[in-house]
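What the coordinates show
So you can see what is in the structure, the chains are spelled out below.
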Amino acid sequence: MRTRLNDFTTRYPRLILVAAAGLALLAGSRLLDFGTGELKLEIDSSLVGLLPTSGEELATYEQVRDRFGGDDILLVAWFSDALFTADILRRLKRFTRRIERFDGVRRVDSLATALSVSEEDGAVRIDRFLHRIPADPAALDTLRADAVANPVYRGRLVSPDGHGVLLAVHFDTALGSMELVELVARIGEASREESGDIEQFVSGPVHARLEISRILFRDVRSTLPLAILATALVAALTLRSVRGVVFPLTATGLALLATLALFAQAGNALNFVTVIMPPVIFVVGFAFAVHVINEFDRMFTAGTDKKTAVISAVEEVFLPLTLTAFTTAIGFASLATSPIASIKLFGIYTALGTLFGWLFALLVIPAGLLVGPVRVIDHSKTDFLTAFAPALARFDIRHRDVILLVGAAIGIAAIAAASRLEVSTDYLSNFPEDSPVRRNFERIQTEFSGAVPIQVFIRSDLPGAFKDPVHLRTIEDLERWLEAQPEVGAATSLVDLIGVLHRAFEPDAPAGESIPPSRDGVEDLLFFANGDDLRRVADPRYESTLLHVRTSAVSTNDLGGLIRRIERRLEELPGHLRGEVTGSSALLSRTLDDIIRGQLTSLVGALAVIYVILILLFGSARIGALALFPNLLPIVCFFGLMSLLGVTLNLATSLVAAVALGIAVDDTMHFLSRFNTEARRVADEALGIERAMVSVIRPVTFTTLALCLGFATLTMGELRSQIEFGGLAAATLLVAWIVDLTFTPALSGRLRFVTLWEVLAVDLGTAPHKTIPFFFGLTHRQARIAAILGSFETFHAGEHILRLGDTGTDIHVVIDGELEASVPRDGNEQVLRRLKRGDLIGEVALFHGLRTANVHAQSDARLLRLSNACLDRIQARYPQIAAQLYRNLGVILADRLADVTERL
């Protein structure tokens, strides 16, 4: 494949560049409105992408939402010391009616829509609380006192001191994300217009999520270009060439455009998870591209012509880039097993973007180098890294055991620290403490009964169960228990509605008795209940009821703790009643934790997949484990660092590990691949480490520096989650760089391996372990391994291969072609024997160092050459293979001796 790729690139470089330009325009037209310059890629702030696609909890949530309405609400607060004046109350009522008419608004809870039950002239009057707004100041004071004293209003619709009112706006569940953004903006504008000069603001979980989406969208448009600029600047300063900047950005940008275009074409939008996808694709693709450019620079600077330098560069980096790309893509693709739609999309498209980055790095960059003008760059005077590399390699070898022990100790310490890591997501903490979004949200938490709604769904198999006073008292006890929880500000239920009506119709009832003693009494009161208020708390058949709970718990950790306590309390309900905690906040709390834990599970799965690949690649479980460790160590350090810094494992930070794994795999694969090539080339592991270090130190350092700066630009954003993601990603990549320049070289001295890729690339003909006597008793793979550690030579017909009397301590195995062995006799050449596939030549010289015959090719021939040094290397790395080879060599020599004896 490598050869075909090079052939295609060298033949059609201009075609590749034209196709790349066409692809960029096509992808760009899907993502950008060329007329206005606006991005077409949407941001989705809804919960849909963060919720599981199936499961009992989701089914319950949807059932409750369809039956009682959703609890995903926008809160609008008005504050004034003179709130209960005729003018302000009229404006509040007008504002309520105004936004009720907005398309997409399902219901508005406010004092203007709240049920009011009063007695006038011996008759019970049921109406809205602000149906009539008095003009008399004394009557207004009474109205204020009634609102504050009402247990249903206090803390939910009016602040306990009467200086604030709250409106809860419920939306149509079919609203799209952008429709919701526009509707919230209209509500905010209407609130500013109607409130006049008093303090007002919109808040609540919906508003916080929309603000996060707005900032994320802004960051996609500003922070990502800034990150690209930072990496380009580093590339310019380090590679010191136009090609070092233009080609990596072109190839990586094309991969990013193609991926996002497919993402958008499939109808997807960026959300809290998938918004991380663009920088991840850019990071991985940029690393691929820099390796190609660096290898070309190394070849071209050494004096090779441009075309040969391009071909050689692709040949050198093809194996490590391919291994890295596919292991990284498989790691990302493992996220597709998640039940969460956003995680699936992130995994699938990030894996696709990784493969695009690999393909364009190996196609577009070589094509650009072939077509465009390039000049030789002299790095000799200022290339400190290349000059420093041999000393660093020798240090790693000399202190190998200490480095390995220190690395293991750091890993163990990081695991110990990570065991105390807290899993929690707090969307409010995304904002700075002085942010209006956070300040207003906390104001509602303080002045009212909490801003976060959850729902407790109770159902029974008994018809009309919640008309029964016994069951209603069970609900009343549960409600009182809920209100006693420190995180709960208020809870309302069917019992409160019945209680308001009961106190109006039975003013002489004992204090605290809010439920009629008989079922008939309950049914009589429910007849007078308003339909909208009743539908919020009970279904038409009274077989299920809903408790609305307001809580101050925002983080998934705090909210999860409250939910678990409620669930334990629900287990105490009578056997015919079943209770569940639901609602958007509750479901999101469970889902976010599931997402984070699922990502950790996927990370473990990705590491397992990579480990299996390494086993197949190196042919050894032990070597696979050793090769995995340099990739695992930065990830472990990342989790330990989070714990030490007090950063929670949340939706954003949990993605850092997958990103760092991709980069760590890239650098490790490059070093191991180069080490394997150089160690086999010079037959010396220590010198192989040194040469590998010289080869990879520049691209590894440059990509790490560029990517660390790129991620560091995210710390300039407003959202705390993005700041944490950027800072931790940069720190983890720095750790990975240190590991790859110290721990990996120290570990390499203990590795003896031949890659599966190299084994498959060896051509020994059909069944060499059965057709070549020197390989008898070996497996097909073992024969290929032995051949890899030697070298192949080709000869044309008539060409001399060995000459009588020459010195030499190597043997040749005939793979293809025919040879003839002869000695001079009486001025002529006497043919000793004709050689064909499987025959061995030079076996005698292997032991005493002199050639005993002339050998020349009768036809074009291909031979495997094995020197004494090669055989020693096989013996050191693969003693079982070496033992069989020497046994076969003994058999061959014995047969040859027997043949000579028979002739004599």
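Note that the coordinates shown come from a computational prediction; the quantities given were computed from them, not determined experimentally.

A look at the overall build of the protein
Looking only at helices and strands, the protein features 30 helices and 18 strands. Of the roughly 37300 Å² of accessible surface on the protein, a fraction of 57% belongs to carbon and sulfur atoms. One way to put it: in the protein the 87 positive side-chain charges average out to a point 7 Å from where the 101 negative ones average out.

Thoughts on the packing of aromatic side chains
With the rule as written, the count across this model stands at 14 aromatic pairs. Each ring, one from F129 and one from Y153, has its centre 5.2 Å from the other, and the planes form 75 degrees; the classification is edge-to-face. Placement of F129 in the loop between β4 (123–128) and α5 (137–149) and of Y153 in the loop between α5 and β5 (164–171) is noted, with a sequence separation of 24 residues between them. Its relative accessible area of 9% is what places F129 among the buried residues. For Y153, a relative accessible area of 3% corresponds to the buried category. An aromatic cluster is built from F79, F201 and F448, whose rings are joined through pairwise contacts. Across the ring face of F102, the terminal group of R186 is positioned such that the distance to the ring centre comes to 4.0 Å. Positioned over the ring face of F79 is R443, at 3.8 Å from the centre of the ring.

So, helix α12 (residues 384–398)
With 15 residues, α12 should reach 21 Å at 1.5 Å per residue; the first-to-last C-alpha distance of 21 Å fits that figure. Within α12, the axis deviates most sharply at P390, by approximately 30 degrees. Among all positions in α12, only L385, A389, P390, L392, A393 and D396 are buried. For α12, the elements touching its buried residues are α13 (400–418), α23 (685–712) and α24 (720–748).

Overview of the packing of α13 against α24
In the contact formed by α13 and α24, the axes pass within 9 Å of each other and the chain directions differ by 120 degrees. Between α13 and α24, the angle is such that the two are oblique. In this structure, α13 meets α24 at a crossing whose hand is left-handed. Only T742, F743, A746 and L747 of α24 make contact with α13, whose side of the interface consists of R400, I403, L404, G407 and A408. Class assignment of the residues belonging to the contact of α13 with α24 gives a composition of 6 nonpolar, 2 polar and 1 charged.

Notes on the sheet that holds strand β8 (residues 488–492)
If you walk across this open sheet you meet the 4 strands as β8-β9-β7-β10, and the pairing is antiparallel. Every interior strand has two partners, whereas the edge strands, β8 and β10 (577–582), have only one. Each strand axis lies, on average, 20 degrees off the axis of its neighbour in the sheet, ignoring direction. Where strand β7 (residues 452–460) and strand β9 (residues 544–551) come together, 8 bridges link them in antiparallel fashion. From the neighbouring strand, V456 faces β9, where its bridge partner is L547. Contacting β7, β9 and β10, helix α3 (residues 56–68) runs over the sheet at an angle of about 90 degrees to β7. Docked against the sheet, helix α15 (residues 469–483) engages β7, β8, β9 and β10, running at close to 165 degrees with respect to β8.

Structural notes on the pattern of salt bridges
For the coordinates displayed, the defined rule picks out 28 salt bridges. Across the pair E483 and R480 runs a salt bridge whose closest N-O atoms are separated by 3.2 Å. With E483 and R480 both in helix α15, this residue pair falls 3 residues apart, about one helical turn. A relative accessible area of 36% means that R480 is categorised as partly exposed. Of the charged contacts in the structure, one is a salt bridge between D763 and R862, with a shortest N-O distance of 3.4 Å. Pair noted here: D763 is in the loop between α25 (756–761) and α26 (768–771) and R862 is in strand β18 (residues 861–867), with a separation of 99 residues, a long-range link. A relative accessible area of 47% places D763 in the partly exposed class. Through salt bridges with shared partners, one network takes in R94, R98, E193 and E194.

Notes on the environment of L562
Relative to the helices and strands, L562 is located in helix α19 (residues 556–570). Taking the C-alpha atoms as reference, L562 lies 67 Å from A882; in sequence the two are 320 residues apart.

A closer look at helix α11 (residues 341–371)
Along its 31 residues, α11 runs 43 Å from first to last C-alpha, staying within 8% of the 45 Å computed at 1.5 Å per residue. At F360, α11 is bent by approximately 35 degrees, the largest bend along its length. The buried fraction of α11 amounts to 23 of the 31 residues, a majority that puts the element mostly inside the structure.

Quick word on the environment of P248
Position of P248 among the secondary structure elements: in helix α8 (residues 242–265). Between the C-alpha atoms of P248 and R784, which are 536 residues apart in sequence, the distance is 36 Å. The residues touching P248, leaving out its near neighbours within four places in the chain, are R243, F286, A289, I293 and I365.

Focus on the nonpolar core
The nonpolar side chains of soluble globular proteins are, as a tendency, buried together. Formed by 147 residues in total, the largest nonpolar core has its most connected members in L362, I365, F711 and F725. Sequence-distant contacts of F725, that is, excluding residues within four places in its chain, are made with I276, A652, L655, V656, V659, F711 and L714. Among the nonpolar cores identified, the runner-up in size contains 81 residues, and V108, L180, V500 and A538 belong to it.

Remarks on unusual backbone geometry
Backbone geometry at Y542 places phi at a positive 55 degrees, although glycine is not the residue there. Among the secondary structure elements, Y542 is positioned in the loop between α18 (531–535) and β9. In this structure, A767 takes a positive phi of about 45 degrees despite not being glycine. Assessed through its relative accessible area of 22%, A767 is described here as partly exposed.

Describing the sheet that holds β18
Here 4 strands make up an open sheet; going across it, the order is β11-β18-β13-β16 and the pairing antiparallel. Looking at strand neighbours, the two that pair on one side only are β11 (791–795) and β16 (840–841), the edges of this open sheet. With 2 bridges connecting them, strand β13 (residues 810–816) and β16 associate as antiparallel partners. Looking across to β16, one finds that V813 is bridged to L840.

Describing the pairing of strand β14 (residues 819–825)
Counted residue by residue, β14 has 5 buried out of 7 residues, so it is predominantly covered. Of the strand pairs in this sheet, β14 and strand β15 (residues 828–835) are connected by 7 bridges, and their pairing is antiparallel. Bridged to E820 within β15 is R834. Between β14 and β15, which pair antiparallel in sequence order, lie 2 residues; one of them, D826, sits at a positive phi of approximately 50 degrees. Examined bridge by bridge, β14 and strand β17 (residues 854–857) share 4 bridges and lie antiparallel to one another. When the sheet's bridge partners are listed, S822 is paired in β17 with N854.

Points about the pairing of strand β6 (residues 199–203)
Note on strand geometry: in a regular strand, side chains alternate between the two faces of the sheet. Within β6, 4 of the 5 residues are buried, leaving the element largely enclosed by the surrounding structure. Looking at chain direction, strand β1 (residues 73–79) and β6 are connected through 5 bridges and run antiparallel. Note on β6: the bridge partner recorded for F79 is E199.

What to know about the state of the cysteines
The full count for this structure, using the stated rule, is 0 disulfides. Summary of cysteine pairing: C637 is not part of a disulfide, and the nearest cysteine sulfur, belonging to C708, is at 14 Å. According to the relative accessible area criterion, C637 is buried, its value standing at 15%.

Rules used in this analysis
- Residues numbered from 1 in each chain as written.
- Predicted model: local features only at pLDDT ≥ 70, side-chain atom pairs only at ≥ 80, totals over all residues.
- Heavy atoms only, no water.
- Helix = DSSP H or I, 4+ residues; strand = E, 2+ residues; numbered from the N terminus.
- Areas by Shrake-Rupley, 256 points an atom, 1.4 Å probe, with all protein chains shown as cover.
- Lys, Arg positive; Asp, Glu negative; His and termini not counted.
- Charge placed at Lys NZ, Arg CZ, Asp CG, Glu CD.
- Phe/Tyr/Trp six-rings, centres within 6.5 Å; stacked < 30°, edge-to-face > 60°.
- Buried < 20%, exposed > 50% of the residue type's maximum accessible area, 1.4 Å probe, protein only.
- Lys NZ or Arg CZ within 6 Å of the ring centre and 35° of its normal.
- Expected span 1.5 Å × (residues − 1).
- Bend = angle between axes of the 7 residues up to and from the residue.
- Contact = heavy atoms within 4.5 Å.
- Axes fitted to C-alpha atoms, helices over the stretch in contact; angles between N-to-C directions.
- Parallel < 35°, antiparallel > 145°, perpendicular 65-115°, else oblique.
- Left-handed = near helix turned anticlockwise from the far one by under 90°.
- Nonpolar A, V, L, I, M, F, W, Y, C, P; charged D, E, K, R; others polar.
- Pairing = 2+ DSSP bridges.
- Salt bridge = Lys/Arg side-chain N within 4 Å of Asp/Glu carboxyl O.
- Core = buried A, V, L, I, M, F, W, Y, C linked by side-chain atoms within 4.5 Å.
- Disulfide = S-S within 2.5 Å.

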